[in-house]
Amino acid sequence: MKPPRNKLSGRSRARLLLALGTGLTALAAAAAIAQESLLPPGFGQAPPAARPQASPTPAPSQAPAAPAQNPASPAAPTPSLVLDPAIFATVAPPQPVSRQAELPDSARRSIDMVGLGSGYGRASWGTRDGRFLSTMMRRLDAPLASRWASIALRRALVTKVPTPDNVSAPDWVAERAWLLLRMGEADGAAMLVQSVDVDRYNAKLYAVAGQAALATADVSGLCPLADGGAIRSREPIWPMARAVCSALSGDTAIADVLMDQARRRTRDPRGIDVQLAERMMAVNGAGRRSVEVEWTGVNQLTSWRFGMANALGLTIPADLYRTVGPQTIAWGARAPMIPAAERMTAALTAARLGVFSSSALVDLFSQAAEDSGEFTGDSPAARLRACYVADSDDARLSAMRAFWTGEAWGEQGKGDRYAAQILTARAAARIRPDSDHAGDAAELIGAMMAAGLDRKAAGWAPVVSAMSGEKGDPAWAILAVGTPNISVDISADRLSAVAERWAETNPHKLRLLLGALAGLDRLQTEDQMRLLSDNGVGFDNRSNWARILLQAADRKESGTVLLMVAAGLQRTGWGGISSPMFATMIRALHNVGLDGEARMIAAEAMTRL
């Protein structure tokens, strides 16, 4: 079937003009023409004729030229978000840039301490060499297996911290923002790079800031960067960006000149990249006003195509999302120009990655219900409302089960059990602990833990303790590692009984359970400790990874600990996490003072396995 043609109504055009035209600065004609020789050849080159077949979970949009990082999984690798490798070369002293006489020195922001809040504290990275931290961040294979590890690492990355030794301040900001983008956290990355004055940018920060603007569908965010980016960065987004920004600022004549230059330099002057740029220019009366965006023949979703299409409110063909990864889908979940109903599936992916909270997810579904007026019936938004306001606990539980089993999505079959638990977490917390609901205890407790409601979940401990061993094991395991204090029986006899039942049916979950309990220092007796050796569970005390991790924990470097934990969790699923690594991660988090994060990661493992 031929992909849809996207047309912009007059009202939508006016709304876009108001949103995108505010605050854009004019671009000088002489400077615009002078940069013609810097336009990279081949921008907008037509992709191969055939679209790729359906691949596993999508990976983030590509930027030009750098080796992709493929997740370690049995499935076929998918494209990864990449940048020009030249910008990640050995740090060189920044070139002097002429100062703009716009702000007095007292009003300028320091680049030596960049971040969004106190977070884990300014000493969270300790005295680690900046080259080591930058390399670890760059090589991390995101997204992570654990939602809670991603949440904690994101907080560490946006914490306001000083620049480490042996790395330049712009590079340090760029590396953190680049990892945030690859984790699906577009807003955090954009706010981080926007915390630096543009005249302090280097090539790497220009490149990452451009990607952050596209990931957030913020075309106006490209405009303060476009001229400097075209000079100092080889990223091919800048020639088109300069033309678009000239048009949005009202310099239509210069915009047309810049667009003609960029079009001549491309191998496909009528391709999708040019179409999107001209469509954006038409918002302010420049370019070809009647241009239509035609997706036929496009076989790859890139950051430029993603950002421009979402800023224009255009529908990207669904099969193009198969060429990218879950990070890009998470970016789309927060695109303001896309109706809420079209973002619900993307929001579930964002929640699973740790980008959306449970509350944000519920707010989006509520907005979709309000937009459509569907507060009753079988729509997902109406079913979610029933999870909260149905007449009885039984009715609310029935509505929640529909999400946990995938029934709530109808024929679409969008069943993601863990994302559904995040969605229903606060509804689960409203269910009164009762033995009549013991059969749903594991799902209810897992849902509450997915949103960090550990004390509410602990209220189910008496109900779980009264259940028979085999039926109560799943809920018991979550409570054993997830509650602030020991709330269920974890004696050697209870652990031995679980080990006998899980040794054949779920040995990996058993080993991670024992490893988590050991890492949290909840195994105290000889009989309990003997279970570790009997089941082949221990700590990793020999690898370089474990040595660095445990040293960082001893030095109370919470940021370094979280980065090393993320390195141990860079898999596509929990099945690839070894029990010695998992036990060592939990112990390091516990020792560095991040006991809550350690418990939530352990509870997530027990919920998802």
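Position numbers for residues start from 1 in each chain and track the written sequence from start to end. Note on the predicted model: pLDDT of at least 70 is required for a residue's local features to be given, and 80 or more for side-chain atom pairs to be given and counted; whole-chain, interface and lining totals, by contrast, use all residues. Computation of side-chain values covers all heavy atoms of the structure but excludes hydrogens and water.

Asks: Is there a simple way to explain the overall build of the chain in this structure?
Replies: When its secondary structure is counted, the chain shows 30 helices and two strands. The buried label goes to any residue with under 20% of its type's maximum accessible area, the exposed label to any with over 50%, and the partly exposed label to all in between, with areas taken from a 1.4 Å probe on protein chains only. Sorting the 609 residues of the chain into buried and exposed places 56% on the buried side. Only the protein chains shown count as covering a residue, and every accessible area follows the Shrake-Rupley method with a 1.4 Å probe. Surface exposure of the chain reaches about 24,900 Å², of which carbon and sulfur atoms provide 50%. Think of it this way: any DSSP run of H or I at least four residues long counts as a helix, any run of E at least two long counts as a strand, and we number them from the N terminus.

Asks: It is not clear to me how the packing of aromatic side chains should be interpreted in this structure. Could you clarify?
Replies: The relation between two aromatic rings is expressed through the spacing of the ring centres and the mutual angle of the planes. For this analysis, a ring pair means two rings from Phe, Tyr or Trp (six-membered ring only for Trp) whose centres lie within 6.5 Å, classed as stacked if their planes differ by under 30 degrees, edge-to-face if by over 60, and tilted for the remaining angles. For the structure on display, the rule yields seven aromatic pairs. With centroids separated by 5.8 Å and ring planes inclined at 90°, the aromatic side chains of Trp-125 and Trp-172 adopt a geometry described as edge-to-face. With a gap of 47 residues between them, Trp-125 in the loop between strand 1 (113-114) and helix 3 (130-139) and Trp-172 in helix 5 (residues 169-182) connect regions that are remote in the sequence. Accessibility expressed as a relative area gives 1% for Trp-172, which makes it buried. These aromatic residues form a ring-pair network of at least three members: Tyr-201, Tyr-206 and Trp-238. Charge-over-ring contacts are defined here by two conditions on Lys NZ or Arg CZ: a distance within 6 Å of the ring centre and an angle within 35 degrees of the ring normal. Sitting over the ring of Trp-148, Arg-147 keeps its end group 5.7 Å from the ring centre.

Asks: Even after reading the chapter, I still don't get the state of the cysteines, so can you show me in this structure?
Replies: Any cysteine sulfur atom paired with another within 2.5 Å is treated as part of a disulfide. Inspection of every chain in the model, using the stated rule, returns one disulfide. What pairs with Cys-223 in a disulfide is Cys-245, and their sulfur atoms sit 2.1 Å apart. Since a negative S-S torsion denotes a left-handed disulfide, the Cys-223-Cys-245 link at about -90° is left-handed. One end of the pair, Cys-223, is in the loop between helix 7 (203-215) and helix 8 (226-232); the other, Cys-245, is in helix 9 (residues 238-248), with 22 residues separating them in the sequence.

Asks: In this structure, what is going on with helix 16 (residues 380-389)? I would like to understand it.
Replies: Residues separated by three or four positions in an α-helix point in the same direction, a consequence of the helix having 3.6 residues per turn. For helix 16, a buried count of seven out of 10 residues is recorded, marking the element as mostly surrounded by other parts of the structure. Tucked inside the fold, the buried residues of helix 16 contact helix 15 (358-372), helix 17 (393-405), helix 18 (417-423) and helix 19 (425-428). Should any heavy atoms of two residues lie within 4.5 Å, those residues are counted as being in contact.

Asks: Would you mind going over the environment of Leu-353 with me for this structure?
Replies: Inspection of the secondary structure assignment puts Leu-353 in the loop between helix 14 (340-352) and helix 15. Residue class for Leu-353 comes out buried when judged on its relative accessible area of 7%. Between the alpha carbons of Leu-353 and Pro-143 there is a distance of 7.0 Å; along the sequence they are 210 residues apart. Once residues within four sequence positions are removed from consideration, Leu-353 is found in contact with Pro-143, Arg-147, Ser-150, Met-183, Pro-326, Gln-327 and Ala-330.

Asks: Explain helix 24 (residues 492-505) to me, please; I cannot follow it from the model alone.
Replies: The end-to-end C-alpha distance of helix 24, which contains 14 residues, comes to 20 Å, matching closely the 20 Å that a straight helix rising 1.5 Å per residue would cover. Bending is quantified residue by residue as the angle between axes fitted to the seven-residue window ending at that residue and the seven-residue window starting at it. The sharpest bend along helix 24 reaches about 25° and sits at Ala-499. Those residues of helix 24 that are buried are in contact with helix 23 (469-482), helix 25 (507-519) and helix 26 (526-534). The span you would expect from a helix comes to 1.5 Å times its residue count less one.

Asks: Quick question: what am I supposed to make of the side chain of Ser-358 here?
Replies: Positionally, Ser-358 belongs in helix 15. Owing to a relative accessible area of 3%, Ser-358 belongs among the buried residues under this scheme. Ser-358 has contacts with Arg-147, Ile-422, Leu-423, Ala-425, Arg-426 and Ala-451, leaving out every residue within four places of it along the chain.

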